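This is what each chain is made of:
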Amino acid sequence: MDMFEKAAKAARNVSESVISSAKNMGISLYSSTKEQGELASLNVQKSVIEKKLEDFYAEIGKRYVTYIAECDGGTAFDVADVLEAMQPQLDRLAEVKDSITEKELQIKQANEERAQKRAREEFDAEKERLDKALQMEIITEEDYTEKLESARRKLDHYDVLRKLRLQLEMGIISKEEYEKKVKDVLE
């Protein structure tokens, strides 16, 4: 294989990789946007139902105030009709809240899957770089093994490292604690 063929093959590989990444990113972005839109729609529905329920609660309060003001012991404080009218809204609110919880869980799982996929892709890219460096005799077999094992530990302990990063971002642990814990995990 001459130099031109090698360059053409390398260019094809790079372009295929870019195209594949763009497709994956597009699908991922579409899915994420769609899920967020559905969640926003559910939250709007919840707000509308809660607003309707506020009107019912206001009617109950109004009747109670009237009852207290006219408390002569004769008429009972009755809101059965209001409660009956509220029930479909209360049922729908419970359904929407359940849907919101499910959608949030789906979004969280999808985000986690994307993050894990990204971690796997980072490992694969690191391995590819190390393979190339070893093949070109830029690093020794010992360096290769050490660096590959370090990259593999990052992938294997992805979840622990992600939680440590979140703790740092939330201010639960200091930068020094974070660095120490990461070092402990990776050793």
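Summarised in this report is the structure supplied together with it. These numbers come from a predicted model, not from an experiment. (Residues numbered from 1 in each chain as written. Predicted model: local features only at pLDDT ≥ 70, side-chain atom pairs only at ≥ 80, totals over all residues. Heavy atoms only, no water.)

**Re the overall build of the chain**
Our working rule: Where helices and strands are cited, they refer to DSSP runs of H or I of at least four residues and of E of at least two residues respectively, numbered from the N terminus. Residue exposure (1.4 Å probe, protein chains only): buried if accessible area is under 20% of the type maximum, exposed if over 50%, otherwise partly exposed. What makes two residues a contact is simply this: any of their non-hydrogen atoms within 4.5 Å. All accessible-area figures derive from a Shrake-Rupley calculation using a 1.4 Å probe, and residue coverage is judged against the displayed protein chains alone.
Along the backbone of the chain there are five helices and zero strands. When the helices and strands of the chain are read in sequence order from the N terminus, they spell out α-α-α-α-α. Within the span of the chain, comprising 187 residues, buried residues form 19% of the whole. Pairs at least 24 apart in sequence give 61% of the contacts found in the chain among residues at least 6 apart. Accessible surface for the chain amounts to roughly 14100 Å². Of this, 55% is attributable to carbon and sulfur atoms.

**Remarks on the pattern of salt bridges**
Here is the rule: Salt bridge criterion: a side-chain nitrogen from Lys or Arg within 4 Å of a carboxyl oxygen from Asp or Glu.
Scanning all chains against the criterion turns up 16 salt bridges. Here Glu126 ties to Arg129 by a salt bridge, and the two come within 2.5 Å at their closest N and O atoms. Remark: Arg129 and Glu126 occur in helix 2 (residues 80-135); sequence separation between them is three residues, near one turn of the helix. A relative accessible area of 24% places Glu126 in the partly exposed class. The class of Arg129 is exposed, set by a relative accessible area of 51%. Between Lys175 and Glu179 there is a salt bridge, with its nearest N and O atoms 3.6 Å apart. In this pair, Lys175 and Glu179 both sit in helix 5 (residues 175-186), four residues apart, roughly one turn of the helix. Residue classification places Glu179 among the partly exposed positions, given a relative accessible area of 42%. One continuous salt-bridge network, built from bridges that share partners, spans Glu112, Asp159, Arg162 and Lys163.

**Structural notes on a nonpolar patch on the surface**
For clarity, the threshold we go by: Patch definition: residues with relative accessible area over 30% and no salt bridge; like charges joined within 9 Å; nonpolar side chains (Val, Leu, Ile, Met, Phe, Trp, Tyr) joined within 5 Å.
A surface patch of nonpolar side chains, amounting to about 370 Å² of accessible area, comprises Tyr64, Val65, Ile68 and Phe77. Relative to the helices and strands, Ile68 is located in helix 1 (residues 3-69). For Ile68, a relative accessible area of 44% corresponds to the partly exposed category.

**Looking at unusual backbone geometry**
Peptide bonds are trans in most cases, and residues, glycine excluded, mostly fall at negative phi. In this structure, Glu137 takes a positive phi of about 60° despite not being glycine. Mapped onto the elements, Glu137 comes out in the loop between helix 2 and helix 3 (141-156).

**As for the packing of helix 2 against helix 4 (residues 158-169)**
Our working rule: For helices, the fitted axis covers only the stretch in contact; all axes are lines through C-alpha atoms, and the angles between them, taken along N-to-C directions, range from 0 to 180 degrees. Any angle that is under 35 degrees is reported as roughly parallel, and any over 145 degrees as roughly antiparallel; angles of 65 to 115 degrees are reported as roughly perpendicular and all others as oblique. For a crossing to be left-handed, the near helix must be turned anticlockwise from the far one by less than a right angle; the clockwise case is right-handed.
The N-to-C vectors of helix 2 and helix 4 enclose an angle of 115°; their axes lie 11 Å apart at closest approach. Relative to helix 4, helix 2 is oriented roughly perpendicular. Seen along the crossing, helix 2 lies across helix 4 with a hand that is right-handed. In this structure, helix 2 contributes Glu112, Ala115, Gln116 and Ala119 to the contact, and helix 4 contributes Tyr158, Asp159 and Arg162.

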